[in-house]
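As a plain string of letters, each chain reads:
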Amino acid sequence: MSKHFPPDFLWGVAASAFQTEGATHEDGRGQSVWDDYSHTPGRTVNGDTADIACDHYHRYPEDIALMRRLGVKAYRLSIAWPRILPDGKGRINPLGLDFYDRVIDLLLHEGITPWICLHHWDMPVAVEAAGGWRTRDTAAVFADYAAVVARHFADRVKYYAPINEPNVIPWVAYNLGRHAPGRQSRDACLRAVHHLNLAHGLTVSALRAEVSGAQIGSIISLGPVHPQHDDGPHRQAQVLGECLWRRVMVDPLWLGRYPEPLASELAPLIQPDDMARIQQKMDFFGLNHYNRVYVGPNANASWGVAETAPPPGLPLTDVNWFIDPSAFLEQIHDTARRYGNPPIYITENGAAFPDALRPDRRVVDDARIDYFAGYLAAMHQAIAEGCDVRGYFAWSLMDNFEWGRGYSKRFGLVYTDYPTLQRIPKQSYYWLQQVIKNNALSYRG
Ligand code: BG6
C-alpha cells in the first residue's frame with residue numbers, strides 16, 4: 001500500500017560546511033574553534049580532523065550531481081563564517097563568497113533550492129577569543145556577519161536559518177565540554193543560552209532588512225524527554241531536562257518567554273526589550289530529530305539532572321540512539337501543539353550504521369532503509385493527523401566528519417571512501433530516490 005505525501009512536499013538533503021568542505025587553509029579562510037578543538041589531542045575519535053573532510057570544497061560539482069540524481073529539490077547547506085569573515089568581523093574575504101557563489105549558482109542551475117544556515121558551529125577563533133557566546137556583543141557581531149551573507153545572496157537565496165541546533169552549543173560545547181570550544185561551565189552555559197537567542201533575533205531582523213521575500217526559520221534538535229522511572233524525582237528531572245535542553249532555546253523564539261525554572265536564573269542577563277528582539281516573526285519551524293532521551297536526578301550534574309541509561313530492548317543505531325519512529329511522531333505532535341501548528345520542515349533526520357564497502361563496490365545498508373521507512377511513515381501519519389509538515393531533509397547526503405566522533409560513524413546516503421574520496425551511493429540512496437520520484441512510500445513503508 002502506498003502512502004502519498006502532499007503534492008508540493010519538499011524533499012531535500014542537509015549537510016554542513018565544517019563537516020564536508022575540507023580546504024580549511026585555502027583561499028583565505030580563517031581558523032574556526034572546531035579546527036583548534038579537533039587538532040587538540042584526545043578531542044576526537046582517532047584524532048580525526050576536518051582538514052580534508054569530504055573535500056566538498058573542490059568536489060561540490062560531483063556532490064550536486066548526486067543531489068540532482070537523487071531527485072531532491074532543496075539542499076540545506078551552512079556557510080562557514082570564517083571563510084566569509086576570517087576574523088569574525090571586519091574584513092570580508094571575497095574568495096569565501098566566490099566559493100558559495102559557485103555552489104549556489106550550480107544548485108540553481110540544477111533546479112535545487114539552496115537553504116542557507118548561517119552557523120553550524122564553526123565560529124571564528126577570534127570571536128571565541130573575544131568571549132564567544134559568553135559575551136553579549138557576539139550576538140550583534142553574528143548579525144553583522146549574517147547581513148554580509150544575506151546582502152550578497154539576496155537575489156538568489158530566499159531560505160535562511162540563523163543557527164543550527166543552538167541548544168547543542170550551551171549544553172554540549174559550554175557545559176559538558178564535548179564540542180568546541182570545550183568549556184565546562186554552568187555560567188558560560190547560561191550566558192550562551194541568552195546570547196544565542198539574542199543572536200537569533202538580531203539576525204532575523206538583519207535578514208528581513210536585506211532579503212525581500214525572505215523565508216526564515218529556526219532550526220532546533222528536539223526529541224521527547226522521558227523520566228527513567230515513574231516517580232516524583234524522575235518526573236521533576238524530566239521537566240527540568242526538557243526545559244534546559246530544549247524549551248529554553250525554543251520558547252523565547254516562538255512564545256517570547258523563558259520557561260521556568262530557568263527564567264529567574266536568566267533574568268540578570270536580560271536587558272529591556274531583549275525578549276521582543278528575540279521573538280521575531282518566523283516563517284517555518286526547522287525540526288531536527290534523532291532521539292528520545294531518558295533522564296533522572298543526578299547530584300553531580302549541573303542543575304542536578306542528567307541523561308540516564310536507556311531502558312533495554314529498543315534497537316539502536318551505531319551512535320546508540322534509539323530506532324523509534326514513535327518518538328518522531330510524538331515530537332512532531334508536541335511541536336505543533338506547543339508552538340501553534342507552525343509550518344514545519346524536518347531539517348535533519350537520519351541514522352548512523354556501520355556500513356561496509358563490499359568488494360563489488362556496493363554498500364548494502366538495509367538497516368538505514370528500514371530506518372527511513374519507519375521515520376517517513378511516522379511523518380506521513382503526523383501530516384495525516386493535521387501537523388503542517390511541508391518538507392524533509394535527510395541527514396546527510398554523504399558520510400562526513402561527525403564532530404567528536406570523527407569519521408568513525410557514517411550517516412550518509414552516499415558512502416565516502418575516505419582514502420580515495422570516492423563517493424558511492426548506498427542502497428538507501430536508490431531507495432530514497434524512488435520515494436522522492438513517487439512522492440510516496442510504496443514499499444517497506
Ligand atoms: C546533528 C547535527 O545534531 O546531528 C549534525 O546538526 C550532526 O551536524 C548530526 O552531524 C549527527 O550527530 P553526531 O553527534 O553523531 O555528529
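In every chain, residue numbers begin from 1 and rise along the written sequence. In view of the model being predicted, local features appear only for residues whose pLDDT reaches at least 70, and side-chain atom pairs are presented and counted only at 80 or more, with totals across whole chains, interfaces and linings using the full set of residues. Water and hydrogen atoms play no part in the side-chain values, which are based on all heavy atoms of the structure.

**A short note on unusual backbone geometry**
Phase 1: In this chain, Ala-180 is followed by Pro-181 through a cis amide linkage whose omega measures 10°.
Phase 2: Tracing the sequence through the fold places Pro-181 in the loop between α8 (168-175) and α9 (186-210).
Phase 3: Cis geometry marks the peptide bond from Trp-395 to Ser-396, where omega comes out at 10°.
Phase 4: Position of Ser-396 relative to the elements: it lies in the loop between β12 (389-395) and β13 (414-417).
Phase 5: A positive phi is found at Glu-165, a non-glycine position, where the angle reads about 40°.
Phase 6: Looking at the element boundaries, Glu-165 is found in the loop between β5 (159-163) and α8. Working definition: helices are DSSP H or I runs of at least four residues, strands are E runs of at least two. Numbering for both runs from the N terminus.

**Describing the layout of surface pockets**
Phase 1: Points on a 1 Å grid over protein atoms alone make up a cavity when a 1.4 Å probe fits among them but cannot get out, and a pocket when they form an open set with protein on both sides within 12 Å along at least five of seven lines; lining residues each have an atom within 4 Å of a point. Grid points are joined across faces, edges and corners, and a volume is the space filled by probe spheres set on the points. Its boundaries defined by the atoms lining it, the largest pocket holds a volume of some 1,300 Å³.
Phase 2: If you trace the largest pocket, you find 44 residues lining it, with Val-172, Arg-178, Glu-307, Trp-321 and Arg-405 closest to the centre.
Phase 3: When contributions to the lining of the largest pocket are tallied by element, the ones reaching two or more residues are α8, α10 (232-245), β9 (293-297) and β10 (305-307).
Phase 4: The greatest single-element share of the lining of the largest pocket, amounting to four residues, is contributed by α8.

**Describing the UniProt feature "active site" (unreviewed entry) in the protein chain**
Phase 1: According to UniProt, the "active site" (unreviewed entry) feature falls on Glu-165 and Glu-348. Separation in sequence by 184 residues is not matched in space for these annotated residues, since their most distant C-alpha atoms are only 10.2 Å apart. Considered against the largest pocket, the annotated residues that line it turn out to be Glu-165 and Glu-348.
Phase 2: A residue is classified by how much of its surface remains accessible, and Glu-165, at 5% relative accessible area, is buried.
Phase 3: Contacts are assigned to residue pairs that have any heavy atoms within 4.5 Å of one another. The residues touching Glu-165, leaving out its near neighbours within four places in the chain, are Trp-121, Ile-219, Ile-220, Ser-221, Asn-288, Tyr-290 and Glu-348.
Phase 4: Along the polypeptide, Glu-348 turns up in strand β11 (residues 344-348).
Phase 5: The residues contacting Glu-348, other than those within four sequence positions of it, are Ala-14, Arg-76, His-120, Asn-164, Glu-165, Leu-287, Asn-288, His-289, Tyr-290, Phe-393 and Trp-395. UniProt positions are given in the numbering used here, feature names are shortened, and annotations may be inferred rather than shown by experiment. Only protein chains enter the accessibility calculation, which uses a 1.4 Å probe; a residue whose area is less than 20% of its type maximum is buried, one above 50% is exposed, and one in between is partly exposed.

**Regarding empty space enclosed by the protein**
Phase 1: Evaluation of the coordinates by the stated rule reveals four cavities of 30 Å³ or more.
Phase 2: If you add up the space inside the largest cavity, you get close to 90 Å³.
Phase 3: As for the largest cavity, its lining consists of 14 residues, of which Trp-121, Ile-169, Ala-173, Ala-180 and Pro-181 are closest to the centre.
Phase 4: Among the secondary structure elements, those contributing two or more residues to the lining of the largest cavity are α2 (33-38) and α8.
Phase 5: Looking at the lining of the largest cavity element by element, the count peaks at four residues for α8.
Phase 6: Under this grouping Gly is polar, as are all residues other than the nonpolar Ala, Val, Leu, Ile, Met, Phe, Trp, Tyr, Cys and Pro and the charged Asp, Glu, Lys and Arg. Considered class by class, the residues forming the lining of the largest cavity number eleven nonpolar, two polar and one charged.
Phase 7: For the second largest cavity, the calculated volume is near 50 Å³.
Phase 8: Every residue lining the second largest cavity is listed: Ser-16, Ala-17, Thr-20, Glu-21, His-56, Tyr-75, Leu-77, Ser-78, Phe-99, Tyr-100 and Val-103.
Phase 9: Residue assignment for the lining of the second largest cavity shows that the elements contributing at least two residues are α1 (17-20), β3 (74-78) and α5 (94-109).
Phase 10: For the lining of the second largest cavity, the residue count by class is six nonpolar, four polar and one charged.

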